[in-house]
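Geometric and topological summary
Here is what each chain is made of, one letter per residue.
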Amino acid sequence: MDNFVWRVLPLFALLVAFVTFFYLQDSYKAQFSSLIKLPVDNDNDNECSLLPFRHYWISSKRILTPQGFISGSVEINEGKIVAVVEGYGKQGNSRQDEVIDYGEAVVMPGLIDVHVHLDEPGRTEWEGFVTGTRAAAAGGVTTVVDMPLNNHPTTVSKETLELKLEAANKKLHVDAGFWGGLVPENALNTSILDGLLSAGVLGVKSFMCPSGINDFPMTTIDHIKEGLTVLAKYKRPLIVHAEIQLDSESHSELKDNRDPRVYLTYLNTRPPSWEQAAIKELVGVTKDTIVGGPLEGAHVHIVHLSDSSLSLDMIKEAKRRGDSISVETCSHYLAFSSEEIPDGDTRFKCSPPIRDAHNREKLREAVLEGHIDFLTSDHSPTVPELKLLEEGDFLRAWGGISGLQFDLPVTWSYGKKYGLTLEQLSLLWSKKPAAFAGIESKGAIAVGYHADIVVWQPEVEFEVNENYPVFLKHPSLSAYMGTRLSGKVLDTFVRGNLVFKEGKHASAACGVPILAK
Ligand SMILES: NC(=O)N[C@H]1NC(=O)NC1=O
Ligand SMILES: [Zn+2]
Ligand SMILES: [Zn+2]
């Protein structure tokens with residue numbers, strides 16, 4: 001009998017240990033799942049993140065905070081940053097399994113790309129919320145702000161914004177704000193514009209030249225003035241595609257004898273004078289935005305500046321006298337120059353066009369000196385048939401660069417060569433665009449901010465080729481295919497959800513729309 005007890009006892013003890021272990025595991029899981037509280041409208045809770053918990057620490061030797069790089073850890077709870085602690089390996093009283101140690105990788109605020117065309121609803125074959133925001137997540141972009149065109153119908157009223165929001169439901173892998181459109185119809189009927197702004201667009205966008213989209217007609221400077229009087233009340237910006245079509249003599253002379261496959265042919269059709277003409281008209285209006293001026297409260301932002309000569313001088317002068325004006329340029333204007341664009345390679349066609357190397361140098365200087373407020377992608381894809389890659393016809397191909405996924409490595413690969421620091425890059429891609437778009441809770445690794453974070457390795461190089469996981473709808477159209485870039489994105493967090501990890505996305509799309517109040 002005694003013998004039997006001694007034989008069974010260890011087995012019994014083992015059984016008790018097993019049962020206890022699984023019981024504890026379950027209560028541990030239950031404890032975490034009770035912490036998982038996601039934004040309203042999200043019923044796929046546990047699929048929003050590749051992590052099983054909502055309270056955890058990220059540690060690294062290179063965390064970029066508003067005070068500079070630190071070695072230490074960031075405590076995240078319920079989607080927010082609750083502590084930033086200096087000292088690598090010191091995570092307060094955290095449990096070991098709740099610490100994600102990234103070693104030497106850079107932990108930085110996620111990028112905020114306030115100029116992307118996701119083309120949904122209506123032209124989902126061009127891009128779309130799912131593909132566009134998955135590409136964003138894969139590139140460390142944690143917030144996008146979507147343009148009011150090339151979707152159909154364009155976002156120019158409360159009703160069309162509602163269509164956008166409906167189309168975006170459960171399709172956003174990162175958070176997304178929306179720009180509305182300023183077109184003659186709503187500029188001359190301010191109740192439509194009021195409706196659009198009240199419905200939550202972060203500001204409105206207008207074109208001073210044909211937009212290429214029929215239901216997004218261009219505005220004159222008079223429409224713009226009307227729009228600004230309404231925007232002043234809401235303190236939201238007007239963002240402008242600043243080119244005015246001038247039919248110059250040199251332009252018409254060129255018309256007969258031009259080869260549409262040669263990039264210069266296209267470049268010559270959109271000279272810097274087009275940008276200059278538009279900006280001259282705009283600064284004639286922004287003078288009234290000074291404190292005490294008749295348009296106080298209004299703000300004009302010039303999108304995708306390419307011309308770094310007179311256009312930039314006029315913007316600098318307007319800023320000096322106190323106008324409420326700002327300007328962005330895009331990754332591609334800082335990366336490429338017209339001399340390098342091969343004949344027939346319409347992937348590089350955009351408007352305003354990519355200009356010569358001298359222009360690019362001055363643009364880079366302006367970025368380093370702080371005259372350019374922030375950077376964007378102007379991600380504007382289409383379908384391969386309209387990009388005319390086979391024919392290589394620059395004059396007839398769709399104008400728009402496709403590159404959202406590569407904002408970070410492109411800016412860094414070229415930037416590090418011309419003297420851009422990681423601190424500057426982060427301001428240009430996170431803090432400043434957040435402030436511009438009025439998204440106050442994002443753009444910094446600091447207590448109280450959303451835990452929107454990119455973890456990446458600036459030193460790691462990679463080739464963007466057919467074997468590279470490109471999540472854009474039409475990878476072959478991207479201007480960055482075939483380039484070798486520096487800066488590999490490892491992981492991306494959006495409000496604490498690990499939405500992308502080493503090539504894999506969380507299964508549910510838990511990004512939320514950001515609406516202005
Ligand atoms: N409609 C549209 O997206 N246009 C954009 N494409 C481009 O190259 N410049 C633009 O403004
Ligand atoms: Zn534009
Ligand atoms: Zn655009």
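For the structure, check the block above.
This write-up is about the structure you can find in this document. What you see is a predicted model; the values in this text were computed from it and never measured.

Parameters at a glance
- Residues numbered from 1 in each chain as written.
- Chains lettered and ligands numbered in written order.
- Predicted model: local features only at pLDDT ≥ 70, side-chain atom pairs only at ≥ 80, totals over all residues.
- Heavy atoms only, no water.
- Donors = N, O, S within 2.8 Å, 3.2 Å for Na, K, Ca; no water.
- Buried < 20%, exposed > 50% of the residue type's maximum accessible area, 1.4 Å probe, protein only.
- Helix = DSSP H or I, 4+ residues; strand = E, 2+ residues; numbered from the N terminus.
- Near = heavy atom within 4 Å.
- Polar contact = N/O pair within 3.5 Å; in protein donor to acceptor, adjacent residues only side chain to side chain.
- Areas by Shrake-Rupley, 256 points an atom, 1.4 Å probe, with all protein chains shown as cover.
- Nonpolar A, V, L, I, M, F, W, Y, C, P; charged D, E, K, R; others polar.
- Salt bridge = Lys/Arg side-chain N within 4 Å of Asp/Glu carboxyl O.
- Phe/Tyr/Trp six-rings, centres within 6.5 Å; stacked < 30°, edge-to-face > 60°.
- Lys NZ or Arg CZ within 6 Å of the ring centre and 35° of its normal.
- Pairing = 2+ DSSP bridges.
- Contact = heavy atoms within 4.5 Å.
- Axes fitted to C-alpha atoms, helices over the stretch in contact; angles between N-to-C directions.
- Expected span 1.5 Å × (residues − 1).
- Arc of directions from axis to C-beta.
- Parallel < 35°, antiparallel > 145°, perpendicular 65-115°, else oblique.
- Left-handed = near helix turned anticlockwise from the far one by under 90°.

1. Re the coordination of the zinc ion (ligand 2)
At the metal site, the zinc ion (ligand 2) is ligated by His241 (ND1) and His304 (NE2), and these contacts range over 2.1 Å. Relative accessible area serves as the criterion here: at 2%, His241 is assigned to the buried category.

2. Some words on the coordination of the zinc ion (ligand 3)
At this site the zinc ion (ligand 3) is bound by His115 (NE2), His117 (NE2) and Asp378 (OD), with donor distances of 2.1 to 2.2 Å. Within one chain, the residues donating to the zinc ion (ligand 3) are spaced in sequence as H-x1-H-x260-D. In this structure, the zinc ion (ligand 3) is positioned 3.8 Å from the zinc ion (ligand 2). Of the two residues, His117 sits in the loop between strand S6 (111–116) and helix H2 (129–138) while Asp378 sits in the loop between strand S14 (374–376) and helix H13 (384–387), which places them 261 residues apart along the sequence. Both residues of the pair, His117 and Asp378, belong to the buried class.

3. Brief notes about the site of ligand 1
Near ligand 1 there are 14 residues, and of these Asn150, His241, Ser351, Ser380 and Gly399 occur at the shortest range. Ser351 is positioned with one of its backbone polar atoms (N or O) 2.7 Å from a nitrogen atom of ligand 1. Considering ligand 1 on its own, with 290 Å² of exposed area, one finds that the protein chains cover 98% of that surface. A class-by-class count of the residues in the shell around ligand 1 yields 4 nonpolar, 9 polar and 1 charged.

4. Some words on the pattern of salt bridges
Counting across every chain of the model gives 24 salt bridges. Across the pair Lys233 and Asp194 runs a salt bridge whose closest N-O atoms are separated by 3.4 Å. A residue pair is termed long-range when its members are at least 10 positions apart, and Lys233 in helix H6 (residues 221–234) and Asp194 in helix H5 (residues 190–198) qualify at 39 residues. Here Glu463 makes a salt bridge to Arg484, at a shortest N to O gap of 3.2 Å. Placement of Glu463 in strand S15 (residues 453–463) and of Arg484 in strand S16 (residues 484–494) is noted, with a sequence separation of 21 residues between them. By relative accessible area, Glu463 is classed as partly exposed at 36%. A single salt-bridge network, built from bridges that share partners, covers Asp175, Lys442, Asp452 and Arg495.

5. Regarding the packing of aromatic side chains
On inspection of all chains with the given rule, the structure shows 17 aromatic pairs. Here the aromatic residues Phe336, Phe348, Phe406, Tyr414, Phe462, Tyr468 and Tyr480 are joined through ring pairs into a cluster of three or more. The positively charged end of Arg123 is found above the aromatic ring belonging to Trp126, 5.2 Å away from the centroid.

6. Some details on the sheet that holds strand S11 (residues 238–241)
To summarise the sheet geometry, strands pair through backbone hydrogen bonds and adopt either a parallel or an antiparallel arrangement. Across the sheet, 6 strands lie side by side as S9-S10-S11-S12-S13-S14; this open sheet has parallel pairing. Sheet topology places strand S9 (180–181) and S14 at the edges, where each strand pairs with a single neighbour. Sheet strands touched by helix H9 (residues 272–286): S11, strand S12 (300–302) and strand S13 (325–330). Its angle to S12, the strand with the most contacts, is close to 160 degrees.

7. Describing the environment of Asn189
Relative to the helices and strands, Asn189 resides in the loop between helix H4 (184–187) and H5. For the pair Asn189 and Glu226, spaced 37 residues apart in sequence, the C-alpha to C-alpha distance is 9.4 Å.

8. Things to note about the sheet that holds strand S7 (residues 141–146)
Spatial ordering of the open sheet is given by S6-S7-S8-S19, a layout of 4 strands whose pairing is parallel. Each of the sheet's edge strands pairs with one partner strand only, and the pair in question is S6 and strand S19 (513–514). For strand S8 (residues 175–178) and S19, the ladder comprises 2 bridges, and the chain directions are parallel. The residue of S19 that forms the bridge with Gly177 is Ile514. Seen against the sheet, H2 touches S7 and S8 and runs at an angle of roughly 140 degrees to S7.

9. Observations regarding the side chain of Asp323
Tracing the backbone shows Asp323 in the loop between helix H10 (310–320) and S13. Here Thr286 takes part through its side chain, which lies 2.7 Å from a polar atom of the side chain of Asp323. Of note is the side chain of Asp323, whose polar atom sits 3.3 Å from the backbone nitrogen of Lys287. Setting aside residues no more than four positions away along its own chain, Asp323 makes contact with Val283, Thr286, Lys287, Thr289, Ile290 and Ala318.

10. A word on helix H12 (residues 357–368)
With 12 residues, H12 extends 17 Å from end C-alpha to end C-alpha; this agrees with the ideal 16 Å at 1.5 Å per step. Among the residues making up H12, those that are buried are Asn359, Arg360, Leu363, Arg364, Ala366 and Val367. Buried residues in H12, looked at end-on, bunch into an arc of 160 degrees, giving them a common side. For H12, the elements touching its buried residues are H10, S13, helix H11 (331–335), S14, helix H14 (407–418) and helix H15 (422–437). Following H12 by one or two positions, Gly370 has its phi on the positive side, about 85 degrees.

11. Some remarks on the environment of Lys504
Looking at the secondary structure, you find Lys504 in strand S18 (residues 504–505). For Lys504, a relative accessible area of 52% translates into the label exposed.

12. Observations concerning the packing of H14 against H15
Contact geometry for H14 and H15: axes closest at 11 Å, N-to-C directions at 140 degrees. Considering their axes alone, H14 and H15 lie oblique with respect to each other. Judged by the sense of rotation from one axis to the other, the crossing of H14 with H15 is right-handed. Residue-level contacts link Asp407, Leu408, Thr411 and Trp412 of H14 to Leu422, Leu425 and Trp429 of H15. Residue composition of the contact of H14 with H15, by class: 5 nonpolar, 1 polar and 1 charged.

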